[in-house]
Amino acid sequence: MGKRLLVAFGLWAIGGPLGLHHIYLGRDSHALFLMLTLGGFGMGWMWDFWKIPGLVSQVNKEIKKAKKMKDGTPPASAIRFMAQFATGIYFGLAAAIGLSSLTSYYVIALPLAIGLGVHLVASVGEQTSNLKNTLVAAFLTSPLFYGRAVSMIPISLAASITSQQHRHYQRQQGKDENLNLRLYRIGLAYLAFTGPLAHSALINTSRTVNYVAGCIGSLLEWISIFPCLSAKVEKILLLPYRIWGLFAGEGFHDHYFKEWEKIYEFVASFQNEKVEMACKILGVRSDATIEDIIHHYRDLVKVWHPDHNRHRPVEAEKHFIEIQAAYETLLHLQKVRNPG
């Protein structure tokens, strides 16, 4: 029986972040990806709106005529690679929150979670990769960064590169497979991912909140050299809290949710800390005018420009980057305060 475009759009609107439209079209891997990443980090769900007509047409063609297995190697995709890399880190963070208490966390749980996340994205659509090689790359990279907070990044990078090297087209699977069996498999995978997270969030709430806040802080600190990007990320992170405030008033009233409110308080205070640090670096007051900011910036650039400090290049470069970031932060703040 052919698939209907109207039904696909309806399921996208009702349960798009849960991947209902992909389940309807028989794309279980893509559905699971959306379920586990909150709609493909929000962007995947919105992007699907434009792809649904083509997906419905493709599925209906496959129903009318069995699709021959494609030969060769699928074309490389930078978007798929970045999605693999980001999802691998995302699965690693989930494992860190829910499974870090295990003694075998760094050697088994972490690389396994990252490898499975990378392979999940690799299996979206009509192509896939070699799961064994992807996991081997993750497990071999993990001991090199044992115990380090940044270990998720190189593990996910190695697994994503390996997965891309072994990509190939999927073998045709029957579209008549029992829906209950498909939902059962998707449900098991979803529970395996969310179960440890839910246990950690409910039983070790304070520890989980502190860990999440620490990860967010590391992310914001890392991108703080790009003030505009940092400000946008902060707004996105605060968006759920703002929406909650519109419907339920400011703040969480339940004692349990008060713990989670600390994350939003932490994010909200991060901008103030950056402004204070920027003022300290440039030597200006928080209410300084644009002219004062530019004046102090130019004076400091003359002092710390790397071309003027060849006898201490490392120190000069460090100060020069800090001055640039501070200047952009305060300039961006002035533009927000005085948009005219």
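Residues numbered from 1 in each chain as written. Predicted model: local features only at pLDDT ≥ 70, side-chain atom pairs only at ≥ 80, totals over all residues. Heavy atoms only, no water.

**Structural notes on a nonpolar patch on the surface**
Then step 1. A cluster of nonpolar side chains, Val107, Ile108, Leu112, Leu116, Leu131, Phe139 and Tyr146, forms an exposed patch at the surface whose accessible area comes to about 570 Å².
Then step 2. Of all the elements in the fold, those that place two or more residues in the nonpolar patch are helix H7 (105–122) and helix H8 (131–141).
Then step 3. In terms of residue count, the dominant contributor to the nonpolar patch is H7 (four residues).
Then step 4. One can find Val107 in helix H7.
Then step 5. The exposure class assigned to Val107 is partly exposed, which follows from its relative accessible area of 39%. (Patch = residues over 30% accessible without salt bridge, like charges linked within 9 Å, V, L, I, M, F, W, Y side chains within 5 Å. Areas by Shrake-Rupley, 256 points an atom, 1.4 Å probe, with all protein chains shown as cover. Salt bridge = Lys/Arg side-chain N within 4 Å of Asp/Glu carboxyl O. Helix = DSSP H or I, 4+ residues; strand = E, 2+ residues; numbered from the N terminus. Buried < 20%, exposed > 50% of the residue type's maximum accessible area, 1.4 Å probe, protein only.)

**A look at the pattern of salt bridges**
A side chain of one charge can pair with a side chain of the opposite charge if their charged atoms are brought near each other.
Then step 1. According to the stated counting rule, one finds two salt bridges in the structure shown.
Then step 2. Residues Asp28 and Arg182 are paired through a salt bridge, measuring 2.6 Å at the closest nitrogen-oxygen approach. Highlighted residues: Asp28 in helix H3 (residues 28–36) and Arg182 in helix H10 (residues 179–203), separated in sequence by 154 residues.
Then step 3. For Asp307, the salt bridge identified is with Arg310, shortest N-O distance 3.9 Å.

**Examining the packing of aromatic side chains**
Then step 1. Scanning the model with the defined rule gives 10 aromatic pairs in all.
Then step 2. Relative to Phe49, the ring of Trp12 has its centre 5.1 Å away and its plane inclined at 50°; by these criteria the two rings are tilted. Within this pair, whereas Trp12 is found in helix H1 (residues 5–15), its partner Phe49 is found in helix H5 (residues 43–64), the two being separated by 37 residues in sequence.
Then step 3. Trp12 sits in the buried class, given a relative accessible area of 11%. (Phe/Tyr/Trp six-rings, centres within 6.5 Å; stacked < 30°, edge-to-face > 60°.)

**Thoughts on the side chain of Asp28**
Then step 1. With relative accessibility at 17%, the residue Asp28 sits in the buried group.
Then step 2. Residues in contact with Asp28, not counting those within four places in the same chain, are Ile23, Arg182 and Ile186. (Contact = heavy atoms within 4.5 Å.)

**Brief notes about the confidence of the model for the chain**
Reading predicted coordinates in detail is not appropriate for stretches of low pLDDT.
Then step 1. Per-residue pLDDT for the chain averages 80, and the proportion of residues at 70 or more is 78%.
Then step 2. The element-level mean pLDDT for the chain is lowest in helix H12 (residues 227–248), coming to 66, with H8 highest at 94. (pLDDT = per-residue confidence, 0-100.)

**A short note on the packing of H7 against helix H9 (residues 152–165)**
Then step 1. Where H7 contacts H9, the axes come no closer than 9 Å and their chain directions differ by 45°. In this view, H7 runs oblique relative to H9, as classed from their interaxial angle. For the crossing formed where H7 meets H9, the hand is right-handed. On H9, the residues touching Tyr105, Leu110, Pro111, Ile114, Val118 and Ala122 of H7 are Met152, Ile155, Ser156, Ala159, Ser160 and Ser163.
Then step 2. For the contact of H7 with H9, the class distribution of residues is nine nonpolar, three polar and no charged. (Axes fitted to C-alpha atoms, helices over the stretch in contact; angles between N-to-C directions. Parallel < 35°, antiparallel > 145°, perpendicular 65-115°, else oblique. Left-handed = near helix turned anticlockwise from the far one by under 90°. Nonpolar A, V, L, I, M, F, W, Y, C, P; charged D, E, K, R; others polar.)

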